[in-house]
Amino acid sequence: MYQFTSPTSRRRLYFGLASLAACATLVAGSPAAFGLPAQSPTATPAACPAPSSVLGLTSNWKIQLPVDDPNASGTQPLEIKQPALASYAINPWFTPTSDCKGVTFRAAVNGATTTNTSYPRSELREMTNNGASLASWSSSSGTHTLIIDQAINRLPATKSHVVAGQIHDGNDRSVFRLEGTSLYVTKDNDTHYKLVTSNYKLGTKFEAKFVVSGGKIKAYYNGVLQTTITSAFTTGYFKAGVYTQANCGNSSPCSSDNYGETTIYNVSVKHS
């Protein structure tokens, strides 16, 4: 052990230790010890509300998901209708973003599909009567408007195509469709009817808008009219979310890690 040979050495040690003890007391103490105002502890952020609340969805929607319905006989995608949709979320297929400002829609290539298609979707479908009935309107009667503020985040591998916003009536009357970096507005089976941009970058927010009246469809991108399509139908409805245009037969790997994804920040429908 080290021996202090003089009173002076012992005093220096004593005052040094005392100073360290005082500093420790200040650090461990409250802000008031430093002459600062007291502060409240940092609050833990509240969890995001359900997707329906994030988007302010009315009761006139249902969602089809790329997962098997556990109550169905055979393979069938899960559908959630009102009133269950108001509080429903399923990670990662239909869930709020981490900042609670949008909702993520995801559909993997190996997801469940309907009997009418070979492609999976996580997609809202327009309804009426508080979600009790399927929406069905005519292109020649009234004015029907869909606006989606959204971003396409991810494309499946190999066949890198997704649909993000639709007018449907049993057939695809017109949709916003991304293939690689090329974003199109389609007409019926013409998937390349109108090129909107050849340089879309994943994650870029944009506004997709359809206005249907007088037997015509007007499609807008970020407020700019892209095309006017003559189209007569009587059982129309809108869809919003992600409809992945790939499956295990044309895209690899065949797994839940291979998917299409969008984020919707706002969606609105108006009929007049």
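Quick caveat: nothing in here was measured; it's all calculated off a predicted structure.

Trainee: Lay out the side chain of Glu261 with the relevant residues and their values.
Mentor: Structurally, the position occupied by Glu261 is in strand β16 (residues 259-271). Setting aside chain neighbours within four positions, we find Glu261 in contact with Thr104, Phe105, Arg106, Ala151, Ile152, Asn153, Arg154 and Val242.

Trainee: So what's going on with the nonpolar core? Residues and values would help.
Mentor: Leu65, Phe94, Phe105, Ile152 and Val267 are the most contacted members of the largest nonpolar core, which totals 49 residues. Beyond its immediate stretch of four places on either side in the chain, Ile152 contacts Val162, Ala164, Leu178, Leu183, Tyr200, Leu202, Gly203, Thr204, Phe206, Glu261 and Thr262.

Trainee: Got a sec to walk through the pairing of strand β1 (residues 61-68)? Specific residues and values, please.
Mentor: Along any regular strand the residues' side chains alternate between the sheet's two faces. Within β1, seven of the eight residues are buried, which leaves the element mostly enclosed by the surrounding structure. Alignment of β1 against strand β2 (residues 77-80), held across three bridges, turns out to be antiparallel. Bridging across to β2, Gln64 finds its partner in Glu79.

Trainee: Quick rundown of the layout of surface pockets? Include the residues and the values.
Mentor: Computed from the structure, the largest pocket encloses a volume of approximately 550 Å³. What lines the largest pocket is a set of 24 residues, among which Arg121, His168, Gly170, Asp172 and Tyr243 lie closest to the centre. Residue classes in the lining of the largest pocket are distributed as four nonpolar, eleven polar and nine charged. Estimates place the volume of the second largest pocket at around 220 Å³. What lines the second largest pocket is a set of 15 residues, and nearest its centre among them are Thr58, Asn60, Glu126, Val269 and His271. Those elements giving two or more residues to the lining of the second largest pocket turn out to be β5 (121-128) and β16. In terms of residue count, β16 provides more of the lining of the second largest pocket than any other element does, four residues in total.

Trainee: I'd like a description of the pairing of strand β12 (residues 205-213), backed by residues and values.
Mentor: Bridging between strand β7 (residues 144-154) and β12 involves eight bridges; their strand directions are antiparallel. When the bridges of β12 are listed, Thr145 appears paired with Val211. Relative to strand β13 (residues 216-221), β12 runs antiparallel, the two being bridged by six bridges. From the neighbouring strand, Phe210 faces β13, where its bridge partner is Ala219.

Trainee: Any details on the pattern of salt bridges? Residues and values, ideally.
Mentor: Counted under the stated rule, the structure contains seven salt bridges. One salt bridge connects Glu261 with Arg106, and the closest N-O pair in it is separated by 2.9 Å. Residue Glu261 is located in strand β16, and its partner Arg106 is located in strand β4 (residues 103-108); the two are separated by 155 residues in the primary sequence. Residue Glu261 is classed as buried on the basis of its relative accessible area, which comes to 11%.

Trainee: Which residues make up unusual backbone geometry, and what values go with them?
Mentor: Between Gln82 and the following residue, Pro83, the backbone shows a cis peptide bond with an omega angle of 5°. Summarising the element assignment, Pro83 is placed in the loop between β2 and β3 (94-96). Put simply, Asn91 and Pro92 share a cis peptide bond, and its omega is 5°. With respect to the helices and strands, Pro92 occurs in the loop between β2 and β3. Backbone geometry at Thr158 places phi at a positive 70°, although glycine is not the residue there. As for its placement among the helices and strands, Thr158 is situated in the loop between β7 and β8 (161-168). Positioned with a positive phi, Asn222 is a non-glycine residue whose angle comes to about 50°.

Trainee: Describe the environment of Glu123, listing the residues and the values that go with them.
Mentor: Its location among the elements puts Glu123 in strand β5. Sequence separation of Glu123 and Arg106 is 17 residues, and the distance between their C-alpha atoms is 8.8 Å. What Glu123 contacts, discounting residues up to four positions off in sequence, is Lys62, Ile63, Gln64, Phe105, Gln166, Lys239, Ala240, Gly241, Val242 and Tyr243. At a separation of 2.8 Å, a polar atom in the side chain of Glu123 contacts the side chain of Arg121.

Trainee: Report on the state of the cysteines, specifying residues and quantitative values.
Mentor: Taken as a whole and judged by the stated rule, the model has two disulfides. Here Cys248 engages in a disulfide with Cys254; their sulfurs sit 1.9 Å apart. The S-S bond linking Cys248 to Cys254 shows a torsion near 75°; that makes this disulfide right-handed. For Cys248, a relative accessible area of 33% translates into the label partly exposed. When the cysteines of the chain that form disulfides are numbered from the N-terminus onward, they connect as 1-2, 3-4.

Conventions and cut-offs
- Residues numbered from 1 in each chain as written.
- Predicted model: local features only at pLDDT ≥ 70, side-chain atom pairs only at ≥ 80, totals over all residues.
- Heavy atoms only, no water.
- Helix = DSSP H or I, 4+ residues; strand = E, 2+ residues; numbered from the N terminus.
- Contact = heavy atoms within 4.5 Å.
- Core = buried A, V, L, I, M, F, W, Y, C linked by side-chain atoms within 4.5 Å.
- Buried < 20%, exposed > 50% of the residue type's maximum accessible area, 1.4 Å probe, protein only.
- Pairing = 2+ DSSP bridges.
- 1 Å grid on protein atoms, 1.4 Å probe; cavity = no way out; pocket = protein on both sides within 12 Å on 5 of 7 lines; lining within 4 Å.
- Points joined across faces, edges and corners; volume = space filled by probe spheres on them.
- Nonpolar A, V, L, I, M, F, W, Y, C, P; charged D, E, K, R; others polar.
- Salt bridge = Lys/Arg side-chain N within 4 Å of Asp/Glu carboxyl O.
- Polar contact = N/O pair within 3.5 Å; in protein donor to acceptor, adjacent residues only side chain to side chain.
- Disulfide = S-S within 2.5 Å.

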